[in-house]
2 protein chains.
Amino acid sequence: MTPHDSTLDPEDWSEVRRLGHELLDDLIDQLSTVGEGRAWTPVPPEVRARLEQPAASFPTDLPTVLDELRRDILPYATGNTHPRWFGWVHGTGTVEGALAELVAGFMNCNVGGRDHAAVHVERQVIRWLADLFGFPADSSGLLVSGTSVATIIGLAVARESAAPGEIRRGGVAAAPAPLVAYASDGAHVSVRKALELLGLGGDSLRRVPANPHALEKMIATDREAGLHPFCVVGTAGSVTTGAIDDLGALADICSRHGLWFHVDAAFGGALILSERLRPRLAGIERADSLAFDLHKWMHVPYDAGCVLVRDAELHRSTFSADRNYLSRFERGAGAGHPWFTDFGPELSRGFRALKVWVTLRTHGLDRLGAMVEKNCEQATWLAGRIKDSESFHLAAPTSLNIVCFQAEVPAGSRIDSDDLNREIVMRIQERGIAVPSSAEIDGRLCIRVAITNHRTRREDLKIFLAAIEEIRREIVEGSA
Amino acid sequence: MTPHDSTLDPEDWSEVRRLGHELLDDLIDQLSTVGEGRAWTPVPPEVRARLEQPAASFPTDLPTVLDELRRDILPYATGNTHPRWFGWVHGTGTVEGALAELVAGFMNCNVGGRDHAAVHVERQVIRWLADLFGFPADSSGLLVSGTSVATIIGLAVARESAAPGEIRRGGVAAAPAPLVAYASDGAHVSVRKALELLGLGGDSLRRVPANPHALEKMIATDREAGLHPFCVVGTAGSVTTGAIDDLGALADICSRHGLWFHVDAAFGGALILSERLRPRLAGIERADSLAFDLHKWMHVPYDAGCVLVRDAELHRSTFSADRNYLSRFERGAGAGHPWFTDFGPELSRGFRALKVWVTLRTHGLDRLGAMVEKNCEQATWLAGRIKDSESFHLAAPTSLNIVCFQAEVPAGSRIDSDDLNREIVMRIQERGIAVPSSAEIDGRLCIRVAITNHRTRREDLKIFLAAIEEIRREIVEGSA
């Protein structure tokens, strides 16, 4: 072999094969017993130090790199594959989804466009999701990294709808008047971040009480003040408590006043999978754009979200660009108009669709929906135990899968409630028993358990309850 | 097991293990022999039809799903793992990167933030890349899906620099005057798309000839006209020909006029890996923000790109948000301030860093650089053969890894040059021999070979040359 014929391929494929099989065995060993281990483990200082070493100019053999990976990375995962991870809103993933990532890694597809199977898989997955949410057959969509990007895309199309063509060329200055959008108090910070990125500014977001009349009044007042209301963002599952806006009422208002209706259903969208819970989302099928995650309550491995847009042509014309070197042919590898690049900001895109496809194919919609129902029932059960407890009390009603509660501060104790609850959260995490997170409700810190975890069993909740009981007692007694 | 204890885990892990090993073997078989097969295969109508079936509500067993995957998806990949893929600008990937995706799929980390190994791996990878490009130790960065998103982030920080704090709150209307940016004619369409998304409008992008004096004059004229020049975008590797702006001269101008200097080094950034080619990027270390891809000439599997920002604090303050439920603790799973969510629009983020880490660890910087040099030498060799050919001629000089050329139209032939060249591209793709793409230079279509392929050998270029020679003859004779 002459030097100009060297490649990055291994000299010995059989050695790579052997190492790959070993690795796969280790990963399956670990995942199949994940509940027996710790829910979270802090990264030790010596590991952190090793992960600060500079890059090497020379190659390192694969066995060595895999040993480093086993030693420094595998034991210190986020924790969300564990049955007692209840923190933030994290999905659990599945072994089937992980195998799909293996395939995607080997295929190495660029799903920006062109004509190959990955494009058809993504189109199919988007159709599945559009059908699931009752979107029309000619609606469009795109898989993205998550709801934050999905919301950026949805609101970009909404912004364009205020003056189609003009805004792409002239920017927000080309809008008929300063644009304003509306969202309820429970709206996620990503909505404000999207408006900031889009150049509308965070102040263009009006927070309204979850009250249709208040919203209509605000729209009228803003119009009289010379502003241009263009969009209402509905929330299906607020992060703190899981509250769902009255989507039907919001759709009515948008329809009446000619406003774009965007729905942020980051994790709440998964209710659509359950026949019993689906009615809570009534009106979602009337959204102009819909953003939701697949890596949360639908358990596709990170990262995967989706945006759906009712008006495919406006969606396309918001993002599509003529590209010199991307001139498209009728035949060959460059065919397949329109491309996904015509529907979003990304030109190169990975084969995210495969893990969605494999997850939905293997488990089917109903089984995924059953897990959503299970988690809501678990939250109800847990809330009941908290309610009956003498050591804890609920901080908010539990209507979905989220339980927010606080430890009782004993009468006469000098301990601060926020400090007590914060310390409980930190200790139970540090001990690797479970991972709740926290939230602020009415200005006070509470312990927050969000169950978007298909691996959680009743037994896990009992272990959790026993642990917080014990840790509270320790802290209270320690401060006495 | 009671119904409320059911999960999405397999009942029989040993069966999944067996299927996983089979799958891995098939994938390694396919990748290790990829050059023996077709470079691209159109998706047959019956496969497309199957990929249009609606979603099933019921589960499908994994063996069936994997058989579907083997039948309908694996044989119809994009094609860029093949040694004779020369289309657009696609990276080749590596088996080590693919194994990293397997691990990331199993770990299922959310790398938005918190305290776990994936966060430290991403920080390490960003430091490696910042060091590589000569960025200061206190610069910041983020892994993203590719240069398009990296450019959006870079230009968002640039926009914020025009009126820090004001623009986040008030939008582009809060800028001191209408913002304008500058880029050379070779700038990629993603720059315009970024300005559109950011609400500045596509017209805010001024195209300037690659001439520092013309740029300075334009800045002065725009200022006199009441506009606010805020940013110059330099291109390191234009898509059509691989041209590189004089980055040092652009940095001088930005420094002199107080403008933000953003560099789009989507694939050209990889030159930094080669001691010999690195000088062409002189000045890149002076960029305020730098966007480049890892999935192109650095062969990390799709998708992976990076943005680096010199002013970490401005970067953070452009994107960081207070989040109620994300209140951060000093200890436990939620520690580790700042989070990656503070530096970009995404709140949930996959473990993209692992495939970058494994690629850079196993191959090392120099070997990756050797592949870049090899591809440039291959392009020079190919350009020499085209130049010597009687059937083809170069359409542009070859200065890097891209060869643009056209087939000669025989004297007296009625065939149109664009039609001839388009047909050659389509036929060589359809036959699965090789995948060049096309470009338009001076209004005429040419065949474009971009070699960002570590798997390409001299023999592949010879096969390509023989095929285009033969196809040209067929078409010319067929039209006579």
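Details of the structure are given in the entry above.
Reading the values: rules and limits
- Residues numbered from 1 in each chain as written.
- Chains lettered and ligands numbered in written order.
- Predicted model: local features only at pLDDT ≥ 70, side-chain atom pairs only at ≥ 80, totals over all residues.
- Pairing = 2+ DSSP bridges.
- Helix = DSSP H or I, 4+ residues; strand = E, 2+ residues; numbered from the N terminus.
- Contact = placed C-beta atoms within 7 Å.
- Axes fitted to C-alpha atoms, helices over the stretch in contact; angles between N-to-C directions.
- Nonpolar A, V, L, I, M, F, W, Y, C, P; charged D, E, K, R; others polar.
- Parallel < 35°, antiparallel > 145°, perpendicular 65-115°, else oblique.
- Left-handed = near helix turned anticlockwise from the far one by under 90°.
- Expected span 1.5 Å × (residues − 1).
- Buried ≥ 20, exposed ≤ 12 C-beta atoms within 10 Å, placed from the backbone.
- Least-squares fit on C-alpha atoms with pLDDT ≥ 70 in both.

(A) Quick look at the sheet that holds strand β9 (residues 392–394) of chain B. All names here are of chain B. As summarised here, the arrangement of the five strands in space is β1-β11-β12-β10-β9, forming an open sheet in which the pairing is mixed. In this open sheet, the two strands that pair with only one neighbour each are β1 (85–86) and β9. In this sheet, strand β12 (residues 444–450) lies alongside strand β10 (residues 402–407) in antiparallel orientation, the contact comprising four bridges. Opposite I402, over in β12, you have A450 as the bridge partner. Lying on the sheet, helix α12 (residues 353–388) is in contact with β9, β10 and β12; it crosses β10 at an angle near 15 degrees.

(B) Quick peek at the interface of chain A and chain B. Facing the 154 residues of chain A at the interface are 152 residues of chain B. Per element, the largest residue contribution to the side of chain A that touches chain B is 13 residues, and it comes from helix α12 (residues 353–388) of chain A. Class assignment of the residues belonging to the side of chain A that touches chain B gives a composition of 69 nonpolar, 50 polar and 35 charged.

(C) Region of interest: the packing of helix α4 (residues 95–107) of chain A against helix α4 (residues 95–107) of chain B. At a minimum axis separation of 8 Å, α4 of chain A and α4 of chain B run at an interaxial angle of 160 degrees. The angle between α4 of chain A and α4 of chain B falls in the class roughly antiparallel. For the pair α4 of chain A and α4 of chain B, the crossing hand works out as right-handed. Of the residues in α4 of chain B, those in contact with G97, A98, E101, L102, A104, G105 and F106 of chain A of α4 of chain A are G97, A98, E101, L102, A104, G105 and F106 of chain B. A per-class count over the contact of α4 of chain A with α4 of chain B returns eight nonpolar, four polar and two charged.

(D) Geometry of helix α6 (residues 147–161) of chain B. Helix length check: α6 of chain B (15 residues) gives 21 Å between terminal C-alpha atoms against 21 Å at 1.5 Å per residue, within 8%. In terms of burial, α6 of chain B is a largely internal element, 14 of the 15 residues being buried.

(E) Examining unusual backbone geometry more closely. For the bond from Y302 of chain A to D303 of chain A, the omega torsion is -10 degrees, close enough to zero to count as cis. Along the chain, the position of D303 of chain A falls in the loop between β7 (289–293) and β8 (305–309). Each neighbour pair has its own omega, and for H337 of chain A with P338 of chain A the value is -10 degrees, a cis peptide bond. The phi dihedral of H299 of chain B is positive, around 65 degrees, even though this residue is not glycine. A residue is classified by how many C-beta atoms lie within 10 Å of it, and H299 of chain B, with 27 of them, is buried.

(F) Geometry of the packing of helix α1 (residues 13–32) of chain B against helix α3 (residues 62–72) of chain B. All names here are of chain B. Orientation of α1 relative to α3, taken along the N-to-C sense of each, is 10 degrees, at an axis distance of 11 Å. With respect to α3, the element α1 is oriented roughly parallel. Where α1 abuts α3, its residues V16, L19, L23 and D26 lie against L62, P63, L66 and R70. Broken down by class, the residue content of the contact of α1 with α3 amounts to six nonpolar, no polar and two charged.

(G) Representation of the relation of the copies chain A and chain B in the model. At an RMSD of 0.0 Å, chain A and chain B line up after a rotation of 180 degrees and a shift of 0.0 Å along the axis. Accordingly, the operation relating the two chain copies is best matched by a two-fold axis. Taken together, the interface assignments show that 99% of the residues at the interface of chain A recur at the interface of chain B, consistent with an identical surface on both copies.

(H) Fine view of the environment of G37 of chain B. Residues and elements named next belong to chain B. Looking at where G37 falls in the secondary structure, it is placed in the loop between α1 and α2 (45–50). Note on G37: 14 C-beta atoms within 10 Å, which makes it partly exposed. Measuring from C-alpha to C-alpha, the distance between G37 and I433 comes to 8.8 Å, with 396 residues separating the pair along the chain.

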